[in-house]
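Coordinates in review
Here are the chains, one letter per residue:
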Amino acid sequence: MNAPGRDRDSEWLWLPNLGAEEGPDWPRLARLPAVAATARLWRLIFPASNRPIGPVDPGPEHWPEAFGTRTEKAAFRWLGARPGAYPWFGDAAAVDRIHALDLQPFGPAPAITRAVHDKAFALEHASALGYVTPALRELVTAFDPEDLADPASAVARIEAALRAWPAWTDGRFILKPRLGGSGRGRIGGTRDRFDAAAIERMLPRFVERGGALLEPWLTRTADLSVSLFVDEPQGSDTLGVTLLGSLEQWVTPAGVPIGHLGEIDSRGRISSGHRRDEAAREAAVAIAHAARSAGYFGPCGVDSLVYRAPDDSGEPVERLRPVVEFNARFTLGIVAIGLLHRLLGRLRRDHGLTPGERRTFLFALAPPAGHRDWSGAARAIGGDAVAFDFPSGAGPAGAGLLIARNRDSLMPLLDRNSEDAGP
């Protein structure tokens with residue numbers, strides 16, 4: 001039921017079901033500090049007329065002083081133009097919960113969201129569009145749930161695939177659920193130390209999450225992401241994909257995202273600044289169009305990675321895998337871009353971001369290691385670096401942004417994965 005005096009036709013409601021692609025246990029995940037912080041940050045990109053719905057109370061909104069006066073302006077034009085009920089991930093449970101409140105969710109039918117969110121969708125369409133190199137395409141295998149129903153047969157197929165891999169992979173692999181995110185629910189290993197029993201224990205979980213994807217553990221040099229909005233198809237229009245921005249993900253050695261890096265200009269255009277950025281953006285837009293053709297509309301993100309592998313002469317070269325996953329939902333990257341949009345006027349007015357200039361930024365859920373707060377991190381950079389805190393009611397060492405003149409000044413803070421931790 002709607003609260004007295006509220007007009008649901010001019011209100012933005014949000015269901016913070018972060019982690020819902022992991023299954024129905026997402027309310028437990030929602031209480032984890034990083035997940036709860038992400039939900040509170042997500043709220044900040046909505047207009048002032050927003051209201052949380054769902055079983056988890058996110059607490060009061062903490063509007064950062066740096067954003068100025070709270071207004072009805074959303075961080076994105078497409079979001080401000082569409083009052084309604086927004087789940088983080090539009091699965092069947094979210095849609096049912098919103099319908100139970102006599103509301104209509106924003107997004108396609110849950111079956112469409114599930115189909116395009118499936119990692120096999122990204123693999124299939126990236127391959128068809130030429131965004132997977134032949135050498136890598138032969139190594140990535142999608143297993144349907146029925147392929148995993150017989151444990152002995154499934155383990156034998158996985159082990160046989162690994163034996164056929166070329167030497168340059170060192171037999172290092174990841175087996176991950178086709179429906180899942182942020183590195184959760186996966187298992188890794190090596191061909192020489194193949195733990196059949198451990199894999200067999202994971203198979204029921206993979207069956208529950210739509211099957212599994214087997215792929216090599218690549219020696220990553222960068223993790224990139226592209227954020228987009230896919231508009232609902234109308235008639236015979238051929239447009240409908242808006243590129244919101246691209247970012248480099250700041251990740252743990254195991255590949256779990258903990259923040260984002262990028263560049264912003266005076267018009268609010270955001271890019272990763274990586275030399276492979278344009279190629280990643282091109283592939284992301286193509287996959288988003290494929291998802292739109294399949295009936296998807298709404299916010300989404302495409303993850304990619306840069307890795308090293310030998311060329312024909314055996315020398316290691318840098319390659320781009322431009323489509324690793326298609327995330328048919330809101331993402332932390334979309335939130336980060338929205339927060340930067342909120343700060344754009346301040347950056348232009350108070351911090352000298354003028355036409356033709358770009359500034360480098362770091363966004364994360366906690367200050368870089370070795371710093372108690374974001375201001376301390378800015379002082380460590382020196383110069384005209386500036387820090388912005390996003391208070392959550394849980395103390396000063398929460399999420400924030402660092403803005404600096406260039407990327408080199410940020411790098412000593414990051415302690416990026418200089419060594420490959422392996423699966």
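Comments concerning helix 6 (residues 119–128)
Within helix 6, seven of the 10 residues are buried, which leaves the element mostly enclosed by the surrounding structure. By the burial criterion, the buried members of helix 6 are Lys119, Ala120, Phe121, Ala122, Leu123, Ala126 and Ser127. One side-chain oxygen at the N-terminal end of helix 6 lies 2.8 Å from the backbone nitrogen of Ala120; it belongs to Asp118. A positive phi of about 85° marks Gly130, the residue just after helix 6.

A look at the sheet that holds strand 4 (residues 141–143)
The strands making up a sheet associate through hydrogen bonds between their backbones, and the pairing can be parallel or antiparallel. Strands sit in the order 4-7-5-6 across an open sheet of four strands; the sheet is antiparallel. Of all strands in the sheet, those with a lone pairing partner are strand 4 and strand 6 (187–190), marking the two edges. Each strand axis lies, on average, 20° off the axis of its neighbour in the sheet, ignoring direction. Inspection of the sheet shows strand 4 paired to strand 7 (residues 212–216) by three bridges, in the antiparallel sense. Opposite Thr141, over in strand 7, you have Leu214 as the bridge partner. Across the sheet, helix 8 (residues 151–163) touches strand 4, strand 5 (172–177) and strand 7, and the angle it forms with strand 7 is around 20°. Lying on the sheet, helix 9 (residues 196–208) is in contact with strand 5, strand 6 and strand 7; it crosses strand 5 at an angle near 30°.

Examining the packing of helix 8 against helix 9
At a closest axis distance of 10 Å, the pairing of helix 8 and helix 9 adopts a crossing angle of 125°. Here helix 8 lies oblique to helix 9, going by the angle between them. Where helix 8 crosses over helix 9, the handedness of that crossing is right-handed. Counted together, Pro151, Ala154, Val155 and Ile158 of helix 8 and Ala196, Ile199, Glu200 and Leu203 of helix 9 form the full contact between these two elements. Taken together, the residues of the contact of helix 8 with helix 9 sort by class into seven nonpolar, no polar and one charged.

Criteria and thresholds
Residues numbered from 1 in each chain as written. Predicted model: local features only at pLDDT ≥ 70, side-chain atom pairs only at ≥ 80, totals over all residues. Heavy atoms only, no water. Buried < 20%, exposed > 50% of the residue type's maximum accessible area, 1.4 Å probe, protein only. Helix = DSSP H or I, 4+ residues; strand = E, 2+ residues; numbered from the N terminus. Polar contact = N/O pair within 3.5 Å; in protein donor to acceptor, adjacent residues only side chain to side chain. Pairing = 2+ DSSP bridges. Axes fitted to C-alpha atoms, helices over the stretch in contact; angles between N-to-C directions. Contact = heavy atoms within 4.5 Å. Parallel < 35°, antiparallel > 145°, perpendicular 65-115°, else oblique. Left-handed = near helix turned anticlockwise from the far one by under 90°. Nonpolar A, V, L, I, M, F, W, Y, C, P; charged D, E, K, R; others polar.

Take it as geometry only, folks, not as evidence of what the structure does.
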